[in-house]
Amino acid sequence: MPERPYAIPQELVERLRTANKIAILTGAGISAESGIPTFRDALAGLWAQYNPEDLATPEAFERNPRLVWEWYSERRSLVTQVSPNPGHLALAAMERFVPTVTVITQNVDGLHQRAGSTRVVELHGNISRVKCSQEGIVVEHWEESSTPPPLCPFCHGLLRPDVVWFGELLPEQAMREAIKATATCDVFFSIGTSGQVYPAASLVDLARGSGATVVVINPDEKAQALPSFYRLNGPAGQILPQLVQAVWPGA
Ligand code: BV8
């Protein structure tokens, strides 16, 4: 999308200047400008024939562990080749001006941490971590196998990505932290998410019910189109740096 100026409402600028706590829910859209396809972008190549929701499930792994492992291996290798974009960096910069900034991400790419955000809640795990599908313990090193997935070095069960699949519970601690940050924040951003996956998507209602100022950033005007929100319709990688500059000039 060509670079263009976005108008940041003055009352939002003032609100952010006086904010003590900001909570930010991010989805696949914030990593799009880093070159990582969003969940609802049509998958390319070999994966074009699959719907991500049919691959990201325990049943898919049970049915075809090799296919699921290889889908994640390809995505893991893509993540190592990309970098945080100006949207990730702008969120990290907010920490210099706001006492508490909590990034609550649905993404599994680790780009917020690489951008410098220090308080990141990973609701759906992290693709760079691998765990035993039997014992659940995270395994730091594994022998690649000629017939993937590789086996757990401890119990020889199949290894799997340490991400939350559809039908699996979110990590309790992460959900607790996300709810606390959302229920107590002054401003809640929902950035780059279609708001279709629960319970992550329910955080926007919690924010609104807790009296937070809610800001949706998404090029799709129909995404999370709810009343009484601030909406900035455009790519996060362009809007967020402009928003940070408008609120904290010289940031
Ligand atoms: C749970 C990790 C309790 C893996 C993901 C039936 C049975 C079981 C459960 C359910 C069921 N029916 C419903 C459910 C609940 C289910 C659910 O919500 N399903 C949906 C499909 C309806 N949820 C679950 O299963 C969760 N667990 O509920 O446990 C339970 C247990 C058993 C039985 C019942 C209940 C677990 C959900 C977690 C799934 N794992 N990821 C992996 O990554 O492979 S979710 C996956 O989708 C990603 O994390 C992704 O982030 C997330 C959400 O998608 P988005 O991030 O929003 O991405 P999307 O592509 O949709 O949208 C991108 C947006 O960005 C778009 O709006 C676009 O316009 C915008 N955009 C594009 N470019 C930009 C941009 N924005 C800004 N800037 C740009 N440049």
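Rules used in this analysis
- Position labels on residues start from 1 in each chain and follow its written sequence.
- With the structure being a predicted model, the display of local features is reserved for residues of pLDDT at least 70 and the display and counting of side-chain atom pairs for 80 or more, all residues being used for whole-chain, interface and lining totals.
- Derived side-chain values reflect all non-hydrogen atoms in the structure, with water molecules and hydrogen atoms excluded from consideration.
- Strands are runs of DSSP state E lasting at least 2 residues, helices are runs of H or I lasting at least 4, and numbering of each runs from the N terminus.
- What the globule rule says is 2.2 Å times the number of residues to the power 0.38, and the radius of gyration is computed from C-alpha atoms.
- Relative accessible area decides the class of each residue, using a 1.4 Å probe on protein chains only: under 20% of the type maximum gives buried, over 50% gives exposed, and in between gives partly exposed.
- Surface exposure here means Shrake-Rupley accessible area, sampled with a 1.4 Å probe, where a residue is shielded only by the protein chains that are shown.
- Whether two residues are in contact is decided by their heavy atoms: any pair within 4.5 Å suffices.
- We call a residue near a molecule or strand as soon as one heavy atom of that residue lies within 4 Å of the molecule or strand.
- Polar contact is defined as a pair of N or O atoms within 3.5 Å, subject to the rule that within protein one atom must be able to donate a hydrogen and the other to accept it, and that residues adjacent in sequence are counted only when both atoms are side-chain atoms.
- As used in this record, nonpolar core signifies buried Ala, Val, Leu, Ile, Met, Phe, Trp, Tyr and Cys residues forming a set joined through side-chain atoms within 4.5 Å.

J.: Is there a simple way to think about the overall build of the protein chain in this case?
T.: Looking only at helices and strands, the protein chain has ten helices and nine strands in total. Radius of gyration (C-alpha) of the protein chain: 19 Å, near the 18 Å computed for a compact globule of 251 residues. Referenced to the eigenvectors of the C-alpha coordinate spread, the extents of the protein chain come out at roughly 60 × 35 × 30 Å. A burial count over the protein chain gives 49% of its 251 residues as buried. Carbon and sulfur atoms make up 53% of the accessible area of the protein chain, which amounts to about 12000 Å² in all.

J.: Explain the environment of Thr 213 here, please?
T.: Within the secondary structure layout, Thr 213 lies in strand β8 (residues 213–217). Thr 213 gets classed as buried once you look at its relative accessible area, which sits at 16%. Along the primary structure Thr 213 and Glu 140 are separated by 73 residues, whereas in three dimensions their C-alpha atoms are 41 Å apart. Setting aside its immediate chain neighbours within four residues, Thr 213 contacts Leu 12, Arg 15, Asp 186, Val 187, Phe 188 and Tyr 230.

J.: Can you help me understand the site of the ligand in this one?
T.: Taken together, 35 residues form the shell around the ligand, and within it Arg 40, Tyr 72, Gly 167, Thr 193 and Ser 194 come nearest. Within the contact set of the ligand, a nitrogen atom lies 2.7 Å away from a backbone nitrogen or oxygen of Val 164. Gly 192 is positioned such that a nitrogen or oxygen atom in its backbone is 3.3 Å from an oxygen atom of the ligand. Put simply, the parts of the chain that give the shell around the ligand at least two residues each are α2 (29–32) and α5 (65–81).

J.: Where do I start with the environment of Ala 60 in this structure?
T.: Turning to its location among the elements, Ala 60 is positioned in helix α4 (residues 58–63). Remark: the alpha-carbon pair of Ala 60 and Trp 165, spanning 105 residues in sequence, is separated by 9.8 Å. Setting aside residues up to four positions removed in sequence, Ala 60 forms contacts with Asp 54, Leu 55, Pro 65 and Val 68.

J.: What is the right way to read the nonpolar core from this model?
T.: Generally speaking, a soluble globular protein has its nonpolar side chains buried in company with each other. In terms of nonpolar packing, the biggest core is built from 29 residues, with Met 94, Phe 189 and Leu 243 touching the most fellow members. Within the residue set of this core, elements represented by two or more residues are α1 (10–17), β1 (21–26), α6 (86–94), β2 (100–105), β7 (187–191), β8, β9 (230–232) and α10 (236–247). Other than its neighbours up to four places away in sequence, Leu 243 contacts Ile 8, Leu 12, Leu 16, Met 94, Phe 189 and Leu 232. Core analysis: the second largest hydrophobic core is formed by 21 residues, Ala 181, Phe 188, Ala 200 and Leu 203 among them.

Remember that the coordinates give geometry; whether it matters functionally is a separate question.
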